[in-house]
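# Structural features, examined
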Amino acid sequence: MLGALVELCTASACPTLCGQDIAGLSLCDETFPPKDAFRLLYIWHKVYSTLPYNRQLQDLLFKTCPPPKYWTQWLVLEEMVPLPPVQLPDYEIEELWGIGKECVLESHRVSDDQSTEQLYKYTWKELHNIAVLQHEHLGNVMKYVLRKQFVNSHDELEWMYHQYCRFRFQWMFAYWLFGVSKPCSRNLRRIYLWWQTYSKKKTFCWGTAGCDVQYFASLHHVTEDYWRGKLAKGDETLGIRTVENYFSMCKSLLAWILGRSWGRLKQKKVYLDTLEGVYRELKLEMQGSLIVHEHFWQVAKVQMTRVCKLEETAVNYVNWRIIDSVPYYRLYMASGNPSYLEQIKRFLWRKRMINNWILQEENHWMRQLLSDDLIQLLEFDAKICEDMLHGDSLSAHLSRTIWLYLHSGEQHYMEAVKEIVLECAKARLNFYMSMVL
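Since we're looking at a predicted model, the values are computed, not measured. (Residues numbered from 1 in each chain as written. Predicted model: local features only at pLDDT ≥ 70, side-chain atom pairs only at ≥ 80, totals over all residues. Heavy atoms only, no water.)

### Remarks on the packing of aromatic side chains
Given two aromatic rings, one states the distance between the centres and the angle between the planes to describe the pair. Scanning the entire structure with this criterion turns up 27 aromatic pairs. Judged by centre distance (6.4 Å) and plane angle (85°), the rings of Tyr70 and Trp74 are edge-to-face. One end of the pair, Tyr70, and the other, Trp74, are both in helix H4 (residues 69-75), four residues apart, so they sit about a helical turn from each other. Residues Tyr70 and Trp74 agree in their burial class; the two are buried. An angle of 65° between the planes, with centres 4.8 Å apart, marks the rings of Trp206 and Phe216 as edge-to-face. (Phe/Tyr/Trp six-rings, centres within 6.5 Å; stacked < 30°, edge-to-face > 60°. Helix = DSSP H or I, 4+ residues; strand = E, 2+ residues; numbered from the N terminus. Buried < 20%, exposed > 50% of the residue type's maximum accessible area, 1.4 Å probe, protein only.)

### Regarding the packing of helix H15 (residues 293-314) against helix H18 (residues 339-358)
At their nearest, the axes of H15 and H18 sit 10 Å apart, and the two run at 35° to each other. Crossing geometry of H15 relative to H18 is assigned as right-handed. Residue-level contacts link Lys309, Leu310, Thr313 and Ala314 of H15 to Leu341, Ile344, Lys345 and Leu348 of H18. A breakdown of the residues in the contact of H15 with H18 according to their chemical character gives five nonpolar, one polar and two charged. (Axes fitted to C-alpha atoms, helices over the stretch in contact; angles between N-to-C directions. Left-handed = near helix turned anticlockwise from the far one by under 90°. Contact = heavy atoms within 4.5 Å. Nonpolar A, V, L, I, M, F, W, Y, C, P; charged D, E, K, R; others polar.)

### What about the environment of Gly288?
Inspection of the secondary structure assignment puts Gly288 in helix H14 (residues 264-288). What makes Gly288 partly exposed here is its relative accessible area of 31%. The spatial distance from the C-alpha of Gly288 to the C-alpha of Ala232 is 4.7 Å, given a sequence separation of 56 residues. In contact with Gly288, other than residues within four places in its own chain, are Ala232 and Lys233.

### A closer look at the state of the cysteines
Applying the stated criterion across every chain yields a total of zero disulfides. Of all cysteine sulfurs, the one in Cys250 lies closest to Cys184, which takes part in no disulfide; the gap is 17 Å. For Cys184, a relative accessible area of 45% translates into the label partly exposed. Take Cys211: it sits in no disulfide, and the sulfur closest to it among the cysteines is that of Cys205, at 5.6 Å. By relative accessible area, Cys211 is classed as buried at 10%. (Disulfide = S-S within 2.5 Å.)

### Details of the pairing of strand E5 (residues 119-122)
As paired elements, strand E3 (residues 86-88) and E5 share three bridges and run antiparallel to each other. Within the sheet, the bridge partner assigned to Leu88 lies in E5 and is Tyr120. Bridge count between strand E4 (residues 109-110) and E5: two bridges; the pairing is antiparallel. By the bridge assignment for E5, Arg109 is matched with Tyr120. (Pairing = 2+ DSSP bridges.)

### Thoughts on H14
The end-to-end C-alpha separation of H14 is 36 Å, in line with the 36 Å expected for 25 residues at 1.5 Å each. Where H14 bends most, at Leu282, the angle is about 55°. For H14, every residue scored as buried is listed here: Gln267, Lys269, Val270, Tyr271, Asp273, Thr274, Leu275, Gly277, Val278, Tyr279, Leu282 and Met286. Against helix H9 (182-193), helix H12 (221-227), helix H13 (236-258), H15, helix H16 (317-323) and helix H17 (327-335) lie the buried residues of H14. (Expected span 1.5 Å × (residues − 1). Bend = angle between axes of the 7 residues up to and from the residue.)

### Focus on empty space enclosed by the protein
Using the criterion set out here, one finds two cavities of 30 Å³ or more in the structure. Lining of the second largest cavity is provided by Lys351, Ile354, Leu377, Leu378, Glu379, Ile402 and Leu406. Contributions of two or more residues to the lining of the second largest cavity are made by H18, helix H20 (372-378) and helix H21 (394-408). Of the residues belonging to the lining of the second largest cavity, the class tally is five nonpolar, no polar and two charged. (1 Å grid on protein atoms, 1.4 Å probe; cavity = no way out; pocket = protein on both sides within 12 Å on 5 of 7 lines; lining within 4 Å. Points joined across faces, edges and corners; volume = space filled by probe spheres on them.)

### Some details on the packing of H17 against H18
In the contact formed by H17 and H18, the axes pass within 9 Å of each other and the chain directions differ by 160°. Judged by the inter-axis angle, H17 sits roughly antiparallel to H18. You can see that H17 and H18 cross each other, and the crossing is left-handed. Within the contact between the two elements, H17 uses Tyr328, Tyr329, Leu331, Tyr332 and Ser335 and H18 uses Tyr340, Leu341, Gln343 and Ile344. Across the contact of H17 with H18, the residue classes break down as seven nonpolar, two polar and no charged. (Parallel < 35°, antiparallel > 145°, perpendicular 65-115°, else oblique.)

Pasting the structure below:
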């Protein structure tokens, strides 16, 4: 960021800082090089923008009013400062804001028995506006502040900026998740955790100082990506808006699904599978730009339609649970190509063929001899996951052969399944006979 700022300075271009457009402003000063000037202004602007959720900066600015002189001098640049009005002598107001004593009005004078000096009470906004008028425009106020800060050490400000660079996504996420009002927080928590698998022990301390914020971020793909700075090209503000829009879509989706006369299992699966599809569809787009609610919602409607079509193809919930890990399931969700539905039907038919074969009366003796893990692989509702395909065990070998038959439909793989099962049953039978002898 600082390198880009230096390039802006050398190209005589001026960024927008402190909420004001200072294009065309020259910060050339014999006491303060323009490169250093823009660098400090940029750092201050970034650090001050974190005030709502930066506890360390809050401790610095809110501990006393006004804050220490160094920080008060930077606050001169800001029109909106969430601090009580200041009460200062006219000469301190003149020194900090560059306002002549003649501009300090008697109507703002306050009596303070504990002070031997005449104090004047102003809001921060009033002093900011007077300073802009006195200096003629904000650019001159910036020059004034920079000249006053020239002799100061900026180690603490630089450290604050370093903390911002390291933790801006974590700070912003925690503020978004827990910093809203109680009614809004309850509603967000409801949407955030709905039908998610989570630890009740961790969610019990939701929003408290000791809660595991990173754990909450890990519950959704979108929030996990934001936590790692992967949304909106690493812009924490646009990224959190994408997150906010995503959960706004979740709220709309949930309301639509709960309004259907579906069973709870179907409602949950349609909701979770739709969200999974939305994330896959928009993952790359979210990494590059802000995604608005309307775009999320349009994609969600398409994904939900495809999920319902897959459920219709599966015929029942058991079949539906079986096919959701099959590659054709994701391919149909991504493309909507009906040919993948036919592949799923064939997959289920082959699954039924394996189950029917092992349940035949003539194979009853093999069922009695096979180990439980092998029997489970042959059952219709068994899921064969990718991690089961690796290794040299009998179950891994059988899993690979079944997987090849289910996805290719080639009959020789089915025959290979039968041979493996027969060999395993004979081996177990020989073992028992040897024990008897």
